[in-house]
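Fold and contact review
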Amino acid sequence: MPADRRLFLQSVALLLASTRAAHAAPGSLSLWAGEELRYGHADGARTQALFFDPRGLARDPRDGAVIVADAANALIRRVDAAGRVSTLAGAPEQRSSVDGAAAQARFVGPDAVAVGADGAVYIADSFANTIRVLRDGVVRTLAGRAGEPGYADGVGTQAQFNHPIGLALRADELWVADAYNHTLRVIDASGRVRTLGGSPGVAEHRDGALRQALFNTPVGLALATDGTLYVSEYFNHDVRRITPAGAVSTLVGSPGEAGDADGVGAAARLRKPQQICVLPGSGDIIVADGGNQKVRRVTPAGAVRTLAGQGAQDRFELGALPGALVTPYGVAPAPGGGVLVSAGEALLLIEV
């Protein structure tokens with residue numbers, strides 16, 4: 001974990017004003033797992049567990065458990081339906097790239113996760129520039145070369161990434177937001193990596209056919225039930241939409257224009273959005289609007305409203321919405337409804 005972020009979180013502890021409830025009320029922001037500003041590693045009941053810079057979140061489609069990329073701990077964690085936190089793979093703060101049995105495997109800095117129908121956990125080990133998979137208790141590198149950022153298509157270790165982050169499973173392919181290459185890549189069942197959108201090294205914005213589209217630091221991916229893929233872009237400050245036919249358009253935000261405004265389509269403003277998810281039922285897109293210290297909700301038609309957060313307040317304020325939160329990063333549908341967001345050193349629940 002960068003020292004400046006650790007010092008920042010320690011300093012905002014002086015401003016912490018939070019209320020905790022055993023059962024969150026509708027229209028509230030509450031602590032779900034971990035502690036907002038206390039980092040560490042502890043398994044057990046989620047109210048006693050500790051995380052260290054938790055980032056990407058994903059739901060296991062088999063049982064609804066929440067999988068967490070615990071980045072600075074270099075771990076993959078799991079919160080089951082009973083609310084118990086366990087470590088699936090890695091060892092606390094032992095940062096290296098090692099494949100093998102889950103307890104012996106090591107990660108450099110996992111940033112995002114996706115879970116397949118069979119329970120396989122796909123991991124963007126972003127700071128190692130690799131894509132890993134945990135299946136049947138064993139971790140292996142699916143694609144990329146550990147410690148070698150770059151750009152190359154190919155099979156397995158022939159391929160190269162430059163800080164891959166967002167992941168989404170679409171049919172039998174794993175989509176990857178290759179952030180610093182400004183591209184969207186796919187890994188097929190054979191482990192072959194192909195580039196489907198963007199141009200490596202070109203940080204721009206262009207809509208149209210996916211092959212001709214351009215992106216600027218794509219970091220979040222989320223798949224809707226109709227096959228539409230949504231992409232959040234950190235430096236374009238927007239969310240893009242890719243139809244199953246491969247047509248790219250800008251859903252919300254004005255490319256390259258950071259701001260903070262609810263609204264529809266180009267009238268809305270985001271600032272350095274992080275990861276995203278799609279809510280079951282409504283199909284709405286949830287955005288961790290990191291630069292604005294907010295969580296936003298976007299309809300498929302592009303209407304944006306703020307769910308939680310009051311802007312750069314540099315504090316946590318739990319209780320009635322909008323509340324306040326610091327460094328929102330990962331989002332996922334919560335078990336039983338609502339939205340989970342990783343923020344600070346904890347997972348928060350937004351009841352809506």
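Each value, and the rule that gives it
The numbering scheme is per chain: residues are counted from 1 as the chain's sequence reads. Per-residue local features of the predicted model are confined to residues with pLDDT of at least 70, and side-chain atom pairs are confined, for both listing and counting, to 80 or more; whole-chain, interface and lining totals are unaffected and use all residues. Excluding hydrogens and water, the side-chain figures rest on all heavy atoms present in the structure. Runs of H or I in DSSP of at least four residues are treated as helices and runs of E of at least two as strands, each being numbered from the N terminus. We take the radius of gyration over the C-alpha atoms and set the globule estimate at 2.2 Å times the residue count to the 0.38 power. Partly exposed describes any residue whose relative accessible area lies between the buried limit of under 20% and the exposed limit of over 50%, with all areas from a 1.4 Å probe on protein chains only and scaled to the type maximum. In this description, contact between two residues means that some pair of their heavy atoms is separated by no more than 4.5 Å. Each accessible area is a Shrake-Rupley estimate made with a 1.4 Å probe; only the visible protein chains count as cover when residues are assessed. Charge convention: Lys and Arg are scored as positive, Asp and Glu as negative, and His as well as the terminal groups of each chain are ignored. The atoms used to mark charge sites are NZ of Lys, CZ of Arg, CG of Asp and CD of Glu. Any two strands are treated as partners once DSSP identifies two or more bridges connecting them. A pair of Phe, Tyr and Trp rings is counted when the ring centres sit within 6.5 Å of each other, with Trp represented by its six-membered ring. The angle between the planes then sorts it: under 30 degrees is stacked, over 60 is edge-to-face, the rest tilted. A ring is scored as having a charge over it whenever the NZ atom of a lysine or the CZ atom of an arginine sits within 6 Å of its centre and within 35 degrees of its normal. By convention a nonpolar core is built from buried Ala, Val, Leu, Ile, Met, Phe, Trp, Tyr and Cys residues, the set being connected through side-chain atoms within 4.5 Å.

**Observations concerning the overall build of the protein**
Counting its secondary structure elements, the protein contains one helix and 30 strands. Over its C-alpha atoms the protein spans a radius of gyration of 18 Å, differing by no more than 12% from the 20 Å that the globule rule assigns to 352 residues. Considered along the principal axes of its C-alpha atoms, the protein spans approximately 50 × 50 × 40 Å. Among the 352 residues that make up the protein, the fraction classed as buried is 58%. The contacts in the protein between residues at least 6 apart in sequence include a share of 44% that link residues at least 24 apart. Surface summary for the protein: the accessible area is close to 12,800 Å², and the carbon and sulfur share equals 51%. Across the protein, the centroid of the 33 positively charged side chains sits 0 Å from that of the 35 negatively charged ones.

**Quick look at the sheet that holds strand β6 (residues 84-89)**
Spatially, the five strands line up as an open sheet ordered β2-β6-β5-β4-β3, and their pairing is antiparallel. Two strands bound the open sheet, and with one partner strand each, they are β2 (44-45) and β3 (54-59). Judged from the five bridges that link them, strand β4 (residues 66-70) and strand β5 (residues 75-79) form a sheet pairing that is antiparallel. Across the sheet, Val-68 pairs through a bridge with Arg-77, a residue of β5.

**Side note on the packing of aromatic side chains**
In the structure shown here, the tally under the stated rule is two aromatic pairs. An angle of 15° between the planes, with centres 4.5 Å apart, marks the rings of Tyr-39 and Phe-52 as stacked. Note that Tyr-39 is positioned in the loop between β1 (28-34) and β2 and Phe-52 in the loop between β2 and β3, a separation of 13 residues in sequence. Owing to a relative accessible area of 28%, Tyr-39 belongs among the partly exposed residues under this scheme. With centroids separated by 4.8 Å and ring planes inclined at 85°, the aromatic side chains of Tyr-234 and Phe-235 adopt a geometry described as edge-to-face. We classify Phe-235 as partly exposed; its relative accessible area is 41%. Its guanidinium or amino end placed over the ring of Tyr-329, Arg-55 lies 5.0 Å from that ring's centre, counting from NZ or CZ. The ring of Phe-161 carries the charged tip of Arg-185 above its face, separated from the ring centre by 4.9 Å.

**Points about the nonpolar core**
One broad trend across soluble globular proteins is that nonpolar side chains are buried collectively. Ile-286, Val-295, Phe-316, Leu-325, Val-341, Leu-348 and Ile-350 are the most contacted members of the largest nonpolar core, which totals 21 residues. Setting aside chain neighbours within four positions, we find Val-341 in contact with Leu-57, Val-295, Leu-325, Pro-328, Tyr-329, Gly-330, Val-331, Ala-346, Leu-347, Leu-348 and Ile-350. If you look at the next biggest cluster of nonpolar residues, it comprises 16 residues, including Ala-114, Ala-143, Ala-159 and Val-193.

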